[in-house]
Amino acid sequence: MEEEGRKLLEEGIRKKVISPGKGDLSTFPNGTKVVFHYRTSLCDGTILDDSRTMGGRSKSMELIMGKKFKLAVWERIVTTMRQGEVAEFTCDTKHTALYPLVSQSLRNISIGKDPLEGQRHCCGIAQIHSHHSLGHKDLDYLQANPQPLVFAIELLETSLSLSQVLPPGSFQLDMWAMTDKEKLDSVPLIHEEGNSLFKQGKIKEATEKYYNAIACLKNLQMKEHPGDEAWVQLDQTITPLLLNYCQCLLLQGQYYEVIEHCTSLLFKYENNVKAFYKRGKAHAAVWNEKEARADFAKVLELDPSLEASVNKEVKAMEERLRSKQAEEKGRYKGLFDFKAMPAAATTVSPI
């Protein structure tokens, strides 16, 4: 331990054990998945991030060793820890310069933002301007004023009999840790998993699978020029996944998001019947009668065999509209019925 501490000091890292772990020190070959909680703070104690509270929930960090995570120092410090150990690592500025960018990504993920949000093709100058602010004052300050940081790390134990340090090949890679080929190869498997979960009625789980598959393909698509053959092929693979994703959103009542996604699809594929049908259902659900009727009419124009399904949806919408109108009529009945109101006594003030 003393030897390890000396090596860390030479690297600009000071370790303080808060709670010792148990067992022998693990080995961490490339491809090993390590799961831990972290709390990041300035040297004055100001907390920047805490994985137990970030985004209003507790979500542990997962690293895959050897995949060149942006914050390389995290890979270094976890290799000095035992299962269940809690330790603080004060790391010199040379190790923390990229933390603001890493923190921005982790914060976005914690609140469910699209991990690809903000990515686009642009020149280097435009990228500099687009990244001038990270969207968080504390991170902007830290980026402008690099300084040492303190990472409090807890290397987790699992509630299962398996260790939270998992050997290579025993887990599914996170998207950011995949090669392009691994991303492409994983999509059909994720798609099938999503379909299976959907058939089982596990809609939220299926939604996540479809989302992950779309994210993989979007990540690859960003590397291609829009309109090129490779870009178009990826986009055509994304389309059925996005339609499945929209079906899950419909079942969860996220109608405006369905409208947005289907409109985007129809901008590119103007005769996509499924997109019109799902958007029509979403419009009907949020009382956009005119828009819903227009979408359902387009469905019948493109595929008359869906007449029975369309008629069912239109009938259901009309019944809901009638019910809503009757409810509103009852709510305001008598509001302006002055005959039913008792005469109010009047007092005439003397002049």
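Owing to the predicted nature of the structure, the values given are computational and were not obtained by experimental measurement. (Residues numbered from 1 in each chain as written. Predicted model: local features only at pLDDT ≥ 70, side-chain atom pairs only at ≥ 80, totals over all residues. Heavy atoms only, no water.)

1. Concerning the overall build of the chain
Here comes step 1: For the chain, the helix and strand inventory stands at 13 helices and seven strands.
Here comes step 2: Restricting to contacts in the chain with at least 6 residues of sequence separation, those with at least 24 account for 71%.
Here comes step 3: Roughly 21,200 Å² of accessible area belongs to the chain as shown, and the carbon and sulfur atoms make up 55% of that amount. (Helix = DSSP H or I, 4+ residues; strand = E, 2+ residues; numbered from the N terminus. Contact = heavy atoms within 4.5 Å. Areas by Shrake-Rupley, 256 points an atom, 1.4 Å probe, with all protein chains shown as cover.)

2. Overview of the UniProt feature "repeat: TPR" (unreviewed entry) in the chain
Here comes step 1: Per the UniProt annotation, the sites labelled "repeat: TPR" (unreviewed entry) are residues 273–306.
Here comes step 2: What you have in residues 273–306 is 79% helix and 0% strand, and the ends, taken at the C-alpha atoms, are 10 Å apart. (UniProt positions renumbered as here; feature names shortened; annotations may be inferred.)

3. Quick look at the pattern of salt bridges
Here comes step 1: Counted by the stated rule, this structure contains 19 salt bridges.
Here comes step 2: Close ionic contact of Arg107 with Asp49 constitutes a salt bridge, the shortest N to O distance being 2.8 Å. Placement of Arg107 in helix H4 (residues 99–110) and of Asp49 in strand S3 (residues 47–50) is noted, with a sequence separation of 58 residues between them. Taken individually, Arg107 and Asp49 each receive the classification buried, so the pair is uniform in this respect.
Here comes step 3: Among the charged side chains, a salt-bridge network with shared partners connects Glu3, Arg6 and Glu10. (Salt bridge = Lys/Arg side-chain N within 4 Å of Asp/Glu carboxyl O. Buried < 20%, exposed > 50% of the residue type's maximum accessible area, 1.4 Å probe, protein only.)

4. Notes on the packing of aromatic side chains
Here comes step 1: Tallied over the full model, the rule gives seven aromatic pairs.
Here comes step 2: Ring geometry for Tyr277 and Phe296: centres 6.1 Å apart, planes at 65°, overall edge-to-face. Taken together, the residues span a long stretch of sequence, with Tyr277 in helix H11 (residues 273–285) and Phe296 in helix H12 (residues 289–302) at a distance of 19 residues. The burial state of Tyr277 is the same as that of Phe296; both residues are buried.
Here comes step 3: Geometry around Trp287 places Arg320 over its ring, the cationic atom sitting 4.2 Å from the centre. (Phe/Tyr/Trp six-rings, centres within 6.5 Å; stacked < 30°, edge-to-face > 60°. Lys NZ or Arg CZ within 6 Å of the ring centre and 35° of its normal.)

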